[in-house]
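# Secondary and tertiary structure notes
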Amino acid sequence: MPVQEIEEEPWVEIVPPIAAMLINGIAVSGVVSWKCNNSGGNNAGTFEARVVDDTGSRINDFNQGDTVEFYARLPDDSSATLVFGGALDTIGYEMRDFPIIILKGKDWLGRFMRRIYDADVSAQEVSVTLKAIVSQFSDLNQSNIDVTAFSPERVTFGRVNSLAALQRLAQMVNYRFWVSPDKYFYFKALTSLGTTTDSITFGGASGNVMTVDKQEDTNELYNKITVYGKPASAYALAEDATSQATYGVRELEVLNDAIQTPEDADTVAAAALLAFKNPRNIYQFKTILLKDVRLGDQLAATVSYLGLSSTLLEVAELGFEFNNRGVITTLTLGEKRPTLPWEASQTLKKTSAIETVGAYDSYYTTFTELGRRQAVATARASYSHNLSAGDS
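Notes on the structure follow. (Residues numbered from 1 in each chain as written. Predicted model: local features only at pLDDT ≥ 70, side-chain atom pairs only at ≥ 80, totals over all residues. Heavy atoms only, no water.)

### Let's talk about the overall build of the protein
From N to C terminus, the protein includes seven helices and 21 strands. Taking all 392 residues of the protein together, the buried fraction comes to 49%. Taking contacts inside the protein between residues at least 6 apart in sequence as the whole, the part at least 24 apart equals 67%. (Helix = DSSP H or I, 4+ residues; strand = E, 2+ residues; numbered from the N terminus. Buried < 20%, exposed > 50% of the residue type's maximum accessible area, 1.4 Å probe, protein only. Contact = heavy atoms within 4.5 Å.)

This is how it looks when you write it as structure tokens:
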């Protein structure tokens, strides 16, 4: 069974240099505790910090928009690691044994939530549009933004916040974006993520995990799949009665011009149903600070009572918590499961290779073309009215 967590003892200042909080580049004293979360799902990460107001007027030292950085190190480390960077959003107050200032904010993506983007873009590759938004509203480094090789005919953004605009672009091409603490903006294909950087083990002499919890993620669960290809005869419907009885009917439509026969439609529907009819397993580990672990990386996880034995799981979220007990890392790991556009493209790629192609070069070309056409079809299905990103 998981080890019971020890509750934080409040109002004890963190002893430097185990952890440090910087506001506008200056170390803050009197920090009781802080925690932060780096989201890997096309959204902004968050933080919360508690600072003792020993003078009764320290709340005046903090302002909305101040830059905030968190550092941490293990006792054997020679230098601290930057684990979070962002800006201050809200400033609150709490009276306990001591007056406490509560600071909350978001990572560098938070600024996009406060900026409106309104544009009509024609025949422009997706990453070019994305870079224009990033440049307009931030000073983030763009060297890790990948080219997508997809140029939608037209995309209309109807006065949405710029984070929503980035999310729409990522959804078009099945990409994921996030920002690192040192202000690098990442835009990567889901299928390109995942390099094994470390291993985590619960229990035994080699265990480096304190607690582990398993959850079910039903956000992307679908048990009634309808596939529409071109021509209209390329149609299929796949359902799973067991999943529907458990989770209710969860419908998903696939529109893909690359599906040109009823047999192809059946194949795609079956593959999509297999991939999405059951919840995705999510595991949350609490452990010591793991260096060189980034969002999208894979970790080899071993938890015998959960049936995990060096099982590769993807880092979906990365959180840190610091108090007088020391440094705790919270890793949210998920089973790698392809989203629908990639799954449909992969299925058709295999069919084409077996039935008509054969050669590796043609096999790869077919996959690339089908993937591109799937992205186009997905964008059309998701963004009607000329791919209007302003419509909800």
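### Observations concerning the packing of helix α1 (residues 126-137) against helix α2 (residues 162-173)
Packing of α1 against α2 leaves a shortest axis separation of 10 Å and a crossing angle of 160°. Taken together, the axis directions place α1 and α2 in an arrangement best described as roughly antiparallel. In this structure, α1 meets α2 at a crossing whose hand is left-handed. Counting all contacts with α1, which are made through V126, T129, L130, I133, V134 and F137, the residues of α2 involved are S162, A165, L166, L169 and V173. Looking at the contact of α1 with α2, its residues break down into nine nonpolar, two polar and no charged. (Axes fitted to C-alpha atoms, helices over the stretch in contact; angles between N-to-C directions. Parallel < 35°, antiparallel > 145°, perpendicular 65-115°, else oblique. Left-handed = near helix turned anticlockwise from the far one by under 90°. Nonpolar A, V, L, I, M, F, W, Y, C, P; charged D, E, K, R; others polar.)

### Considering unusual backbone geometry
With phi around 45°, A123 is a residue other than glycine that occupies positive phi space. Relative to the helices and strands, A123 resides in the loop between β8 (116-122) and α1. Residue A123 is classed as exposed on the basis of its relative accessible area of 62%. The backbone of R159 sits at a positive phi, close to 55°, despite the residue not being glycine.

### Let's talk about a nonpolar patch on the surface
On the surface, a cluster of nonpolar side chains totalling about 280 Å² of accessible area is made up of Y228, Y235 and L237. If you trace the backbone, L237 turns up in strand β16 (residues 235-239). (Patch = residues over 30% accessible without salt bridge, like charges linked within 9 Å, V, L, I, M, F, W, Y side chains within 5 Å. Areas by Shrake-Rupley, 256 points an atom, 1.4 Å probe, with all protein chains shown as cover. Salt bridge = Lys/Arg side-chain N within 4 Å of Asp/Glu carboxyl O.)

### Remarks on the sheet that holds strand β11 (residues 175-179)
Reading across from one edge, β9-β12-β11 is the order of the three strands in this open sheet, with mixed pairing throughout. Looking at which strands have only one partner, the edges of the open sheet turn out to be β9 (141-145) and β11. Each strand axis lies, on average, 15° off the axis of its neighbour in the sheet, ignoring direction. Relative to strand β12 (residues 184-189), β9 runs parallel, the two being bridged by three bridges. Within β12, the position partnered with I145 by the bridge is F187. Packed onto the sheet, α1 meets β9 and β12 and runs at close to 155° relative to β9. Against the sheet, α2 contacts β11 and β12, and its axis sits at roughly 145° relative to β11. (Pairing = 2+ DSSP bridges.)

### Here we look at the pattern of salt bridges
Taken as a whole, this structure holds 12 salt bridges when the rule is applied. One salt bridge connects D61 with R58, and the closest N-O pair in it is separated by 4.0 Å. A residue is classified by how much of its surface remains accessible, and R58, at 11% relative accessible area, is buried. Each of E48, R50 and E94 takes part in salt bridges that share partners, so that together they form one network.

### Observations concerning the packing of aromatic side chains
Evaluated as defined, the whole model comprises 13 aromatic pairs. Judged by centre distance (6.0 Å) and plane angle (65°), the ring pair of Y222 and F276 falls under edge-to-face. Here the residue Y222 occupies a position in the loop between β14 (209-217) and β15 (224-228), and F276 occupies one in helix α4 (residues 262-276), the gap between them amounting to 54 residues. For the pair Y228 and Y235, a centre-to-centre distance of 5.6 Å together with 55° between the ring planes defines the contact as tilted. For Y228, a relative accessible area of 36% puts it in the partly exposed group. (Phe/Tyr/Trp six-rings, centres within 6.5 Å; stacked < 30°, edge-to-face > 60°.)

### As for the side chain of Q244
Mapping Q244 onto the fold places it in helix α3 (residues 241-247). When its relative accessible area of 18% is taken as the criterion, Q244 is described as buried. Not counting chain neighbours up to four residues away, the residues in contact with Q244 comprise N223, K224, E239 and V249.

### What about the nonpolar core?
In this structure, M21, W34, F70, F285 and L331 are the most contacted members of the largest nonpolar core, which totals 42 residues. The element best represented in this core is strand β20 (residues 308-323), accounting for six residues. For L331, the residues in contact, after removing those within four places along its chain, are Y283, Q284, F285, T287, L290, V293, L299, V315, E317 and L318. Core analysis: the second largest hydrophobic core is formed by 31 residues, W108, L130, L169 and F187 among them. (Core = buried A, V, L, I, M, F, W, Y, C linked by side-chain atoms within 4.5 Å.)

### Looking at the environment of A19
Within the fold, A19 resides in strand β1 (residues 19-23). The exposure class assigned to A19 is buried, which follows from its relative accessible area of 7%. Between the alpha carbons of A19 and A80 there is a distance of 7.8 Å; along the sequence they are 61 residues apart.

### Regarding the side chain of S127
On the secondary structure map, S127 appears in helix α1. Setting aside residues up to four positions removed in sequence, S127 forms contacts with I145, D146, V147 and T148.

### Remarks on the environment of I18
Here I18 lies in the segment before β1. Taking C-alpha positions, I18 is 5.6 Å from A72, a pair spaced 54 residues apart along the chain. When residues no more than four places from it in sequence are discounted, the contact partners of I18 are Y71, A72, R73 and V327.

### Regarding the pairing of β16
The alternating pattern of β16 places A236 and A238 on a buried face and Y235, L237 and E239 on a face that is not buried. Note that β15 and β16 share five bridges and pair antiparallel. Looking at β16, one finds that V227 is bridged to A236. Where β15 folds back on β16, the antiparallel hairpin that results is connected by six residues.

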